[in-house]
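# A closer look at the structure
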Amino acid sequence: MADTLKIASWNINSVRARIDIVARFLIEEQPDILCLQETKVVNEIFPGGPFEKLGYVHQVLNGQRMHHGVAILSKVPLDADASHDWQDNGEARHVGVRLPNGVRLENVYIPAGGDVPDRDVNPKFGQKLDFVERMTRWSETLADPTIIVGDFNIAPLECDVWSHKQLLDVVSHTPIEVAALERLQQSHGWVDLGRHFHPAPARLYTWWSYRSKDWTANDRGRRLDHMWASPAVAAAATAHRVVEPCRSWEKPSDHIPLVTEFTF
């Protein structure tokens, strides 16, 4: 009998501030595994208790006070694999595990990159590009079947933003970022599961700014969050969707969850 696995990913923008909607999501969607980004809490005080009560007893954390932070919550056993410092400065932006079937699951939070798309005047932008470059070097040597999920902070396709023309010079959609992400994707033959199941130019946003009073009215979204898989693992994927109603829940994150189902 085939094994099914439902994996979700969500930039929660402070897990302690939004613990109620994480719990609601887990109850309503029942993923086997939830990868969180931007948890903004050190491991010692991560609010794991409520998630354990919901069955997510396996928790692998890489936290940081007030900033960044990633976590993997799971109903199925996990073997902690590695936490790469692709930022090269100690920031908690990655955690990896190995699943019972041997597949690796990598959870990553790529830096936003500041406001100016020029590394000479904005060091944060350079750090973002270097982060993706280090990921690419890692990806080139990857031999194991792998799923990588998270907030990539890059919307690669023209249809991944509300206005390609107006966002060409806006960090997250600039040609240099898109090219860097394309090199990362090509380095392992990664399959973009979002676009595999929802081919361009289908609308598939995952983020809307808090600055908009009514995010649904102007729908100025971007697809910043992604799920990629090695070709062999992608062949086991049976469905992928984004859970847009979460953006309207009480005290929402500016990101929404992604969910992929696999049958191995």
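Read on for an overview of the structure. (Residues numbered from 1 in each chain as written. Predicted model: local features only at pLDDT ≥ 70, side-chain atom pairs only at ≥ 80, totals over all residues. Heavy atoms only, no water.)

Let us look at the pattern of salt bridges. Per the counting criterion, the structure on display carries 18 salt bridges. Of the charged contacts in the structure, one is a salt bridge between Arg 104 and Glu 106, with a shortest N-O distance of 3.1 Å. Judged by its relative accessible area of 11%, Arg 104 is buried. On the basis of relative accessibility, which here comes to 1%, the residue Glu 106 falls in the buried class. The residue Asp 219 makes a salt bridge to Arg 203 at a minimum N-O spacing of 2.8 Å. Taken together, the residues Asp 219 in the loop between α7 (215–218) and β11 (221–222) and Arg 203 in the loop between α6 (193–197) and β10 (207–208) connect sequence positions 16 residues apart. Residue classification places Arg 203 among the partly exposed positions, given a relative accessible area of 41%. A cluster of three or more residues bridged by salt bridges with shared partners is formed by Arg 98, Arg 104, Glu 106 and Asp 144. (Salt bridge = Lys/Arg side-chain N within 4 Å of Asp/Glu carboxyl O. Buried < 20%, exposed > 50% of the residue type's maximum accessible area, 1.4 Å probe, protein only. Helix = DSSP H or I, 4+ residues; strand = E, 2+ residues; numbered from the N terminus.)

When you line up the elements, Ser 212 lands in the loop between β10 and α7. Taking C-alpha positions, Ser 212 is 23 Å from Lys 40, a pair spaced 172 residues apart along the chain. A distance of 3.2 Å separates a polar side-chain atom of Ser 212 from the backbone oxygen of Asp 214. Separated by 3.2 Å, the side chains of Ser 212 and Asn 218 make a polar contact. (Polar contact = N/O pair within 3.5 Å; in protein donor to acceptor, adjacent residues only side chain to side chain.)

For the rest of this paragraph, the subject is the sheet that holds strand β5 (residues 79–82). Pairing is mixed in the open sheet, where six strands are placed in the order β5-β6-β7-β8-β12-β9. Because the sheet does not close on itself, it has two edges, and the strands there are β5 and β9 (191–192). Inspection of the sheet shows strand β6 (residues 94–98) paired to strand β7 (residues 104–109) by five bridges, in the antiparallel sense. Bridging across to β7, Val 97 finds its partner in Leu 105. Helix α3 (residues 123–140) rests against β7 and β8 (146–151) of the sheet, and its axis sits at about 170° to β7. (Pairing = 2+ DSSP bridges. Contact = heavy atoms within 4.5 Å. Axes fitted to C-alpha atoms, helices over the stretch in contact; angles between N-to-C directions.)

Considering all chains together, one arrives at 10 aromatic pairs under this definition. Taking 6.2 Å as the distance between ring centres and 50° as the angle between the ring planes, the aromatic pair formed by Phe 46 and Phe 51 counts as tilted. Across the pair, exposure class does not vary: Phe 46 and Phe 51 are buried alike. Among the aromatic residues, ring-to-ring pairing joins Trp 86, Phe 131, Trp 138, Phe 152, Trp 190 and Trp 228 into one connected group. The lysine or arginine in question, Arg 24, covers the ring of Trp 249, its NZ or CZ lying 3.8 Å from the ring centre. (Phe/Tyr/Trp six-rings, centres within 6.5 Å; stacked < 30°, edge-to-face > 60°. Lys NZ or Arg CZ within 6 Å of the ring centre and 35° of its normal.)

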